[in-house]
Amino acid sequence: MPLAVGLGLVAVALVVYTVAHPYRFYNHFVWQADAFLHGRAAIDYPVAATDENHGNDFFQDVLPILNSDGTSTGRGLVPFPPLPAVLLVPFVAIWGLATNDQLIAGVLGAADVGVAWWMLGRVGVGFRARLATAVFFGFGTVFWYTAQLGTTWYFAHVVAVGLTLGAVGVALGRDPASVDADNPSPRHCGDGAIASVRDLIDGPQFLAGLLFGLAGTARLSVLLGAPFFAFVGGGGTWQRRALSAGLGAAIPVAALLLYNLVATGSVVHPAYEFLYRQEALGYPSLNYHADWSIEDLRYIPQNLQIALLSLPVLFPDHVPAALGGGDALCAVAGATRGLFDPTCPIALPRDTGMSILVSSPAFLLVAPALRSLYARSRLVTGAAIAIVLIALVNLMHFSQGWVQVGYRFSNDFIPFALPLVAIGAERMRQHRRLVGGLVVLSVAVNFWGVAMGDLLGW
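Because the structure is a prediction, the values reported are computed rather than measured.

1. Examining the pairing of strand E2 (residues 63-66)
Looking along a regular strand, one sees the side chains alternate between the two faces of the sheet. Inspection of the sheet shows E2 paired to strand E3 (residues 72-77) by 4 bridges, in the antiparallel sense. Bridged to Leu63 within E3 is Leu77. A loop of 5 residues connects E2 with E3, the two strands running antiparallel in sequence, and Gly70 in this loop sits at a positive phi of about 90 degrees.

Set out below in structure tokens:
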């Protein structure tokens, strides 16, 4: 039964994510994979459109490589961590620059739904809570928009989410005591001892760390969730859990730093700072500050407002042409508004982002789970710490993911939030209608958001 349900969820997600996905041309990772196949890190840039491909001269997120006299070398560096491009290498080897990475993202996204279903089976909740949480993840969070769009930034999220879900699932499977949200764990942090050097590393926990580290080579901010693996996993003590997972994660992270060093001469990719200056000066309406750092505490208030308080624009008088509306005036006498009318809508998603509590209200189910902080559940404590750390660093970042539907940076902590949603849903089992209502509302909002995002050309 669980296997059939999981396969059913994957099948539904595969159809939903791939049948009507738009084509948006932002395929940095395809160009990066092509460069890898030619034995270099730098992509051909800028390249005008041809009959074979759409070119890349419109890409913004590329650091041009210049000659000493300031002229272009015809090459550029993509700043994003390279794992998504590595995964595309075999496809680009076959189809070249015509590779449809957005379709591949949809397929991988559907697989991520299956991984989430498997992981939730290790949380120790009932079937209803597990199913509600899986449906919420696949169709009630920004992951739906992420997987069906699949452009550069979203492709990276799809890769990172799947690997992180796998890491969390491996850790949970090795440490069933950590999943009991209502009773103290018999293997609480600090209990037990390491018998010998031979017992220093726990194999499955090492694998969890390896998967987690790989996720970081797709989305760097995911790595802030590392404390989770000191609380949850095999090993018997927090020291052994942390060491085993840390050694596993260190391998791909070290490879990433080596890649940056070889490709750019610096362990920190210089394109990030270059692009920050470009965007800070190029988009004054977004309230960026060129005199602040790319990660700055002063960005937290405005970014927190987006993450928690930003609402759709209700009954807009007009929709600018830049947002796909053609400046159609909704205030004209006799104009009829529509829920899915991009020229005269009832509501318009904000391209700078919307509150996660508006776009995914079932995240409120995390609250009942938080009753088990530290003393009662290592899982709840570790997940809560991971979520806070990832969210904090993302809120310090100058950009919050524009252009987007919902709040796409929430993808970074969704793998750690899902167990808490499942535990909260289980604790609310006497209020199934409320739980179901929150999930259904989340799905409905994201259906509207995905549809409007596509209609607006986002």
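Here the narrative resumes, following the displayed structure.
2. Description of the sheet that holds strand E1 (residues 43-44)
Spatial strand order, E1-E3-E2: 3 strands in an open sheet with antiparallel pairing. The two strands at the open ends of the sheet, each matched to only one other strand, are E1 and E2. Here 2 bridges tie E1 to E3, and the two strands are oriented antiparallel to one another. Each bridged residue has a counterpart across the sheet, and for Asp44 the counterpart in E3 is Arg75.

3. A short note on the nonpolar core
By size, the foremost hydrophobic cluster in this structure holds 110 residues, and its most contacted members are Tyr17, Val123, Phe137, Phe228, Phe229, Phe416 and Leu418. Not counting residues within four places of it along the chain, the set of residues in contact with Phe228 comprises Val168, Ala171, Leu379, Gly382, Ala383, Ala386 and Phe416. Among the nonpolar cores identified, the runner-up in size contains 8 residues, and Tyr276, Leu286, Trp292 and Tyr299 belong to it.

4. Side note on the side chain of Asp175
By the secondary structure assignment, Asp175 is in the loop between helix H7 (152-174) and helix H8 (203-216). Within the structure, Asp175 has its side chain in polar contact with the side chain of Arg378 (distance 2.7 Å).

5. Comments concerning unusual backbone geometry
For the bond from Tyr45 to Pro46, the omega torsion is -5 degrees, close enough to zero to count as cis. For Pro46, the location among the structural elements is in the loop between E1 and E2. Cis geometry marks the peptide bond from Trp402 to Val403, where omega comes out at 0 degrees. The topology assignment puts Val403 in the loop between helix H15 (378-396) and helix H16 (414-427). Positioned with a positive phi, Phe25 is a non-glycine residue whose angle comes to about 80 degrees. In this fold, Phe25 is placed in the loop between helix H1 (2-18) and helix H2 (28-37). Residue Asn287 is not a glycine yet carries a positive backbone phi of 65 degrees. Owing to a relative accessible area of 38%, Asn287 belongs among the partly exposed residues under this scheme.

6. Some thoughts on the environment of Gly8
Examined against the element boundaries, Gly8 turns out to sit in helix H1. Residue class for Gly8 comes out partly exposed when judged on its relative accessible area of 31%. For Gly8 and Gly114, which are 106 residues apart along the polypeptide, the C-alpha to C-alpha distance reads 9.0 Å.

7. Quick word on the pattern of salt bridges
By the definition in use, this model includes 8 salt bridges. In this structure, Asp44 and Arg75 form a salt bridge, with 3.1 Å as the shortest nitrogen-oxygen distance. Taken together, the positions of Asp44 in strand E1 and Arg75 in strand E3 put the pair 31 residues apart, joining distant regions of the chain. Between Arg219 and Asp412 there is a salt bridge, with the nearest N and O atoms lying 2.7 Å from each other. Of this pair, Arg219 sits in the loop between H8 and helix H9 (228-231) while Asp412 sits in the loop between H15 and H16, and the two are 193 residues apart along the sequence.

Cut-offs used in this document
- Each chain carries its own residue numbering, running from 1 in the written order of its sequence.
- At least 70 in pLDDT is required for a residue's local features to be given in this predicted model, at least 80 for side-chain atom pairs to be given and counted, and no such filter applies to totals for whole chains, interfaces and linings, which use all residues.
- Here the side-chain values reflect all heavy atoms present in the structure, with hydrogen atoms and water set aside.
- If DSSP finds at least two bridges between two strands, the strands pair.
- A run of H or I in DSSP counts as a helix once it spans at least four residues, and a run of E counts as a strand once it spans at least two, with each numbered from the N terminus.
- In plain words, nonpolar cores are sets of buried Ala, Val, Leu, Ile, Met, Phe, Trp, Tyr and Cys residues tied together by side-chain atoms within 4.5 Å.
- The buried label goes to any residue with under 20% of its type's maximum accessible area, the exposed label to any with over 50%, and the partly exposed label to all in between, with areas taken from a 1.4 Å probe on protein chains only.
- The contact criterion used is simple: two residues touch if any of their non-hydrogen atoms lie within 4.5 Å.
- Definition of a polar contact: a pair of N or O atoms within 3.5 Å, with one able to donate and the other able to accept a hydrogen when the atoms are protein atoms, and with sequence-neighbouring residues admitted only if both atoms are side-chain atoms.
- Every case where a carboxyl oxygen of Asp or Glu lies within 4 Å of a side-chain nitrogen of Lys or Arg is listed as a salt bridge.

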